[in-house]
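# Fold and geometry: a report
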Amino acid sequence: MKLTQEQREQLIKQLSLPWGRADLLCDGRRITLEVRRVNKGMTYRVCTFVDGYFKYEWARGSTAHSEQKFLRKSVRPNVSPAKRKQLEKQWGKRYVKNDTFINGTITLYLPDWVDGKAAINHLCKVSDSIEISEAQPSPTTVIGP
């Protein structure tokens, strides 16, 4: 079962307010989206919790977890373009071209989204079945190292 356009708009509206919350069932997993304040400023982000938790071990791209498909994938180069040019001057283009670390990337799976629309669209794209959960919400927890 997929979400209708009206349900999507309703969820996006809920997640546009500070401290908004949406509970969904995606492929048999309970996904909670919460709007939380990040940093010390007045910036709000939509955070994803799978079955009421977010574990930092899911963020590492080096190990595969089934929960990672619900999170935001971020692929970044190991070396910035400015640093790469500096290394090319120092060691030469041929060495930099053949170095695996300089040309490599790091993959992270992050729990935060810019807004509710991005989170809902991603969940609709990666989930075979998605529906609004009518169950009583439970507290969400971040488990770290």
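Moving on, we get to the environment of Lys55. Within the secondary structure layout, Lys55 lies in strand E4 (residues 53-55). Taking the relative accessible area as the measure of exposure, Lys55 reaches 31% and is therefore partly exposed. Measuring from C-alpha to C-alpha, the distance between Lys55 and Ser66 comes to 12 Å, with 11 residues separating the pair along the chain.

The next subject is the pattern of salt bridges. Evaluation of the coordinates by the stated rule reveals 9 salt bridges. Linking Asp27 and Lys69 is a salt bridge whose minimum nitrogen-to-oxygen distance equals 2.6 Å. Note that Asp27 is positioned in the loop between strand E1 (21-26) and strand E2 (29-38) and Lys69 in the loop between E4 and strand E5 (72-77), a separation of 42 residues in sequence. Between Arg29 and Glu67 there is a salt bridge, and its shortest N-O distance comes to 3.1 Å. On the criterion of sequence distance, the pair formed by Arg29 in strand E2 and Glu67 in the loop between E4 and E5 is long-range, its members being 38 residues apart. A relative accessible area of 21% places Arg29 in the partly exposed class. Connected through salt bridges with shared partners, the residues Arg21, Asp23, Glu34 and Arg36 form a single ionic network.

A few words on the environment of Thr141. In this structure, Thr141 sits in strand E9 (residues 141-143). For Thr141, a relative accessible area of 33% corresponds to the partly exposed category. Separated by 89 residues in sequence, Thr141 and Gly52 place their C-alpha atoms 6.2 Å apart. Apart from residues lying up to four places away in sequence, Thr141 is in contact with Phe49, Gly52, Tyr53 and Phe54.

With that out of the way, let us pick up unusual backbone geometry. A negative phi angle characterises most non-glycine residues, just as the trans form characterises most peptide bonds. If you check the backbone angles, Asp27 has positive phi at about 50° while not being a glycine. On the basis of relative accessibility, which here comes to 27%, the residue Asp27 falls in the partly exposed class. Even without glycine at this site, Asp51 takes up a positive phi of about 55°. Within the secondary structure, Asp51 is located in the loop between strand E3 (43-50) and E4.

Each value, and the rule that gives it
- Residues numbered from 1 in each chain as written.
- Predicted model: local features only at pLDDT ≥ 70, side-chain atom pairs only at ≥ 80, totals over all residues.
- Heavy atoms only, no water.
- Helix = DSSP H or I, 4+ residues; strand = E, 2+ residues; numbered from the N terminus.
- Buried < 20%, exposed > 50% of the residue type's maximum accessible area, 1.4 Å probe, protein only.
- Salt bridge = Lys/Arg side-chain N within 4 Å of Asp/Glu carboxyl O.
- Contact = heavy atoms within 4.5 Å.

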